[in-house]
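Coordinate analysis (summary)
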Amino acid sequence: MPLFSQVMSDLAQRKRLRRAVNGSHVTVRLRLQGSAVITVETDELAADASARVISEPWPVPVTSGTYGEFMRVALNFNRNALHHLACGILQDPINPGLYRLTWHVPAVARPESEWMRQLRLFGTLADKAWSVMPTPGGGSQRPRDQEEAQHMIFMP
């Protein structure tokens, strides 16, 4: 049973994916099923190091009202995503002005089919995140009627 970094190294060679190498750190960008473009960061020399899989970034909302809505939707998404995969929408450590769907892949050996299933699941979650997260100037993708339908009006 291989580690995730070994599976990604084999996949990059088989599919002839472009790899950005910086010392022992290797970065591979790929498009999964759907429209999700993800970036996989591994350390090929330290096989026991954890890998990181990230989605395309969302900019931080500029006003406090939209920031609150962004964080509320991100928290709700994270709660739901954790039922499927240990990932969540987190602030990018390199650029704090961005948020990304991030999966810290543990350095454990699993069958290659399981790693590929989890990678496809991450792509599905990234597509879902892009459909529900508020975009700058656009607000939430959820219709307002659906939100208002959950409120009860009290009339004496």
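Please read all numbers here as calculations on a predicted model, not as lab measurements.

Topic: the overall build of the protein chain
When helices and strands are tallied, the protein chain shows 4 helices and 7 strands. Helices and strands in the protein chain line up, N terminus first, as α-β-β-β-β-β-α-β-β-α-α. Scored against the burial criterion, the 156 residues of the protein chain give a buried share of 37%. For the protein chain, the share of sequence-separated contacts (at least 6 apart) that also reach a separation of at least 24 residues comes to 56%.

Some details on the packing of aromatic side chains
Scanning the entire structure with this criterion turns up 5 aromatic pairs. An aromatic cluster of three or more residues is present, and its members are Phe4, Trp103, Trp115 and Phe122.

Looking at the side chain of Thr39
Note that Thr39 resides in strand 3 (residues 37–43). Here the side chain of Thr39 touches Arg29 through a polar contact of 3.3 Å, side chain to side chain. Look past the residues within four positions of Thr39 in its chain and what remains in contact with it is Thr27, Val28, Arg29, Arg52, Val53 and Ile54.

Description of the nonpolar core
Core analysis: the largest hydrophobic core is formed by 36 residues, its most contacted members being Phe4, Val53, Ile89, Leu101, Trp103 and Leu119. Contributing elements (two or more residues each) for this core: helix 1 (4–15), strand 2 (25–31), strand 3, strand 4 (51–55), helix 2 (64–81), strand 6 (87–91), strand 7 (98–105) and helix 3 (112–132). The leading source of residues in this core is helix 3, at 8 residues. Excluding anything up to four places from it in sequence, Leu119 contacts Phe4, Met8, Leu32, Ile38, Val53 and Trp103.

Quick look at the pairing of strand 2
Burial along strand 2 is one-sided: the residues Val26, Val28 and Leu30 are buried and none of His25, Thr27, Arg29 and Arg31 is. Summarising the sheet, strand 1 (residues 19–22) and strand 2 pair through 4 bridges and their orientation is antiparallel. Within strand 2, the residue paired with Ala20 across the bridge is Thr27. The loop that links strand 1 with its antiparallel partner strand 2 comprises 2 residues; one of these, Gly23, has a positive phi angle of about 70°. Bridge count for strand 2 against strand 3 is 7 bridges, and the pairing is antiparallel. Paired with Leu30 across the strands is Ile38, a residue of strand 3.

Overview of the side chain of Gln118
On the secondary structure map, Gln118 appears in helix 3. On the basis of relative accessible area, Gln118 is assigned to the buried category, the value being 9%. Excluding anything up to four places from it in sequence, Gln118 contacts Leu85, Trp103 and Arg110.

About the criteria used
In this convention, every chain numbers its residues from 1, walking through the sequence in written order. Whole-chain, interface and lining totals are the exception, using all residues; otherwise, since this is a predicted model, local features are given only for residues with pLDDT of at least 70 and side-chain atom pairs are given and counted only at 80 or more. To obtain the side-chain values, all non-hydrogen atoms of the structure were included, while hydrogens and water were left out. Here a helix means four or more residues in a row that DSSP labels H or I, a strand means two or more in a row labelled E, and each is numbered from the N terminus. Accessibility here uses a 1.4 Å probe with only protein chains present; expressed as a share of the type maximum, an area under 20% marks a residue as buried, one over 50% as exposed, and anything in between as partly exposed. For this analysis, residues touch if any pair of their heavy atoms sits within 4.5 Å. Paired rings are identified among Phe, Tyr and Trp, the last through its six-membered ring, by centres lying within 6.5 Å, and are further divided according to the angle between planes into stacked (under 30 degrees), edge-to-face (over 60) and tilted (the rest). Polar contact criterion, stated in full: a pair of N or O atoms within 3.5 Å, where within protein one must be able to donate a hydrogen and the other to accept it, and residues adjacent in sequence count only if both atoms are side-chain atoms. Side-chain atoms within 4.5 Å link the members of a nonpolar core, which is a set of buried Ala, Val, Leu, Ile, Met, Phe, Trp, Tyr and Cys residues. One requirement defines pairing of two strands: DSSP has to find at least two bridges between them.

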